[in-house]
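Chain by chain, the residues:
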Amino acid sequence: MHTASNPVTQKIVAAVSWALGKSKTVGPKKIVELGSGDGNLASIIEDSTQETVTRTDLLSWFSGRFTNYEVVDMRALPYASASVDAVVSSFAIEYTRVGNDRRAYQEVNRVLKMGGSAVFLVHHSRSSIAAAPIDNFIASAARYALGIKPVQWFFLQSWFDSIEMAGRLCDSKKRAAYDSQSEVRRDLEAVGLQVVSIETADGPYILEMCRNLNPDKLLDSGWLVVAEKPYLNRAERRRR
Ligand SMILES: C[S@@+](CC[C@H](N)C(=O)[O-])C[C@H]1O[C@@H](n2cnc3c(N)ncnc32)[C@H](O)[C@@H]1O
């Protein structure tokens, strides 16, 4: 049984449960997590909502661990339009926004059903991860990759991928972190999503990938953002 053991995860789970509670879908709901990494958050959501979460990530690090883990670039989601009840992302979607790239946000809006919800935990620029020195981050990613992978050919590719990705994350993380809540709002509203709430989510929410970084400094913080894909009004419905 996976349980939410810290306030940040508890807030995420509560937001997803709220989203599912208001969903009009009868029967199992479609929930997709973007940039799942180790997939642990999805396991916690599954255990508390009794729904299945599709874990997705650009990297295949953890694909062997779960049957419902798909290697997916969130900027081009392989899901039908209006087919998903809730999209979740924890410290992941904001990494794609560097250079004003809103494709991942557009994709979220496209795949969500009307009334469907997005629950994002995003870094703000005061997050310890966003402020951590880049070399620490690379070293930690390297240690992590070495620690989890048996030295086998099979894994070498993903090992190199992980280092390359860590480098890219380091390069982009300062620009990825949000400076203000209005910036978050702008990214979501630009693609048609409606912001329901943005709240501070501080606490010992430790990224699996950064466990070796410096646990004392990883009492991390971010903003928990809940947004909705609005229903069309009557005029919009007529136009379609
Ligand atoms: C900082 S980690 C967060 C992992 C996990 N969600 C957590 O909270 O521990 C960011 C994750 O986003 C993934 N990611 C970055 N860009 C992506 C993209 N374009 N499509 C899918 N995943 C991506 C990375 O591979 C990485 O696993």
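Note that the coordinates shown come from a computational prediction; the quantities given were computed from them, not determined experimentally.

## A look at the overall build of the protein
Check the secondary structure of the protein and you find eight helices and seven strands. Burial analysis of the protein (240 residues in total) assigns 36% to the buried set. When contacts within the protein are restricted to residue pairs at least 6 apart in sequence, long-range pairs at least 24 apart make up 74% of them.

## Digging into helix 2 (residues 40–49)
Taken as a whole, helix 2 has its buried residues at L41, A42, I44 and I45. Looking straight down helix 2, one finds that the buried residues subtend no more than 160° of arc, so they occupy a single side. Among the structural elements, helix 1 (7–21), strand 1 (31–34), strand 2 (53–57) and strand 4 (84–90) are those in contact with the buried residues of helix 2. The first or second residue beyond helix 2 is Q50, which carries a positive phi of 65°.

## What about unusual backbone geometry?
Of note in this structure, A82 is not a glycine but carries a positive phi near 55°. Even without a glycine there, the phi angle at F91 is positive, about 50°. Position of F91 among the secondary structure elements: in the loop between strand 4 and helix 3 (103–111).

## Focus on the environment of V184
Locating V184 in the fold gives a position in helix 7 (residues 181–190). In this structure the C-alpha to C-alpha distance between V184 and V225, which are 41 residues apart in sequence, comes to 8.3 Å. What V184 contacts, discounting residues up to four positions off in sequence, is V122, Y178, I198, W223 and V225.

## So, helix 1
Taking 1.5 Å as the rise per residue, helix 1 with 15 residues should run 21 Å; its terminal C-alpha atoms sit 21 Å apart, in good agreement. Looking at helix 1, one finds that the buried residues are V8, T9, K11, I12, V13, A15, V16 and A19. The inward-facing, buried residues of helix 1 abut helix 2, strand 4, strand 5 (112–123), strand 6 (194–202) and strand 7 (221–228).

## Considering the environment of E46
You can see E46 is positioned in helix 2. The class of E46 is partly exposed, set by 18 C-beta atoms lying within 10 Å. Sequence separation of E46 and V13 is 33 residues, and the distance between their C-alpha atoms is 9.4 Å. With residues near it in sequence (within four places) discarded, E46 still touches E51, T52 and V53.

## Side note on the sheet that holds strand 5
With mixed pairing, the seven strands of this open sheet are ordered in space as 3-2-1-4-5-7-6. What marks the edges here is a single partner per strand, and that holds for strand 3 (69–71) and strand 6. Neighbouring strand axes in the sheet, compared pairwise and without regard to direction, differ in orientation by 20° on average. Alignment of strand 1 against strand 4, held across four bridges, turns out to be parallel. Along strand 4, the bridge assignment pairs V32 with V87. Helix 1 contacts strand 4, strand 5, strand 6 and strand 7 of the sheet and is inclined by roughly 175° relative to strand 5. In this fold helix 7 packs onto strand 5, strand 6 and strand 7, with an angle of close to 140° to the strand it touches most, strand 6.

## Digging into the confidence of the model for the protein
Per-residue confidence for the protein gives a mean pLDDT of 81; residues scoring 70 or more make up 72%. Considering only residues more than four positions removed or in separate chains, one finds that residues 149–161, a stretch of pLDDT under 50, has eight contacts. Counting contacts from residues 207–219, a segment whose pLDDT is below 50, to residues more than four positions away or on other chains yields 28 contacts.

## Things to note about the nonpolar core
Core analysis: the largest hydrophobic core is formed by 46 residues, its most contacted members being I12, V16, I45, A86, V87, A118 and V119. A118 has contacts with V87, V108, L112, L193 and A227, leaving out every residue within four places of it along the chain.

Thresholds, definitions, all that
Residues numbered from 1 in each chain as written. Predicted model: local features only at pLDDT ≥ 70, side-chain atom pairs only at ≥ 80, totals over all residues. Helix = DSSP H or I, 4+ residues; strand = E, 2+ residues; numbered from the N terminus. Buried ≥ 20, exposed ≤ 12 C-beta atoms within 10 Å, placed from the backbone. Contact = placed C-beta atoms within 7 Å. Arc of directions from axis to C-beta. Expected span 1.5 Å × (residues − 1). Pairing = 2+ DSSP bridges. Axes fitted to C-alpha atoms, helices over the stretch in contact; angles between N-to-C directions. pLDDT = per-residue confidence, 0-100. Core = buried A, V, L, I, M, F, W, Y, C linked by C-beta atoms within 7 Å.

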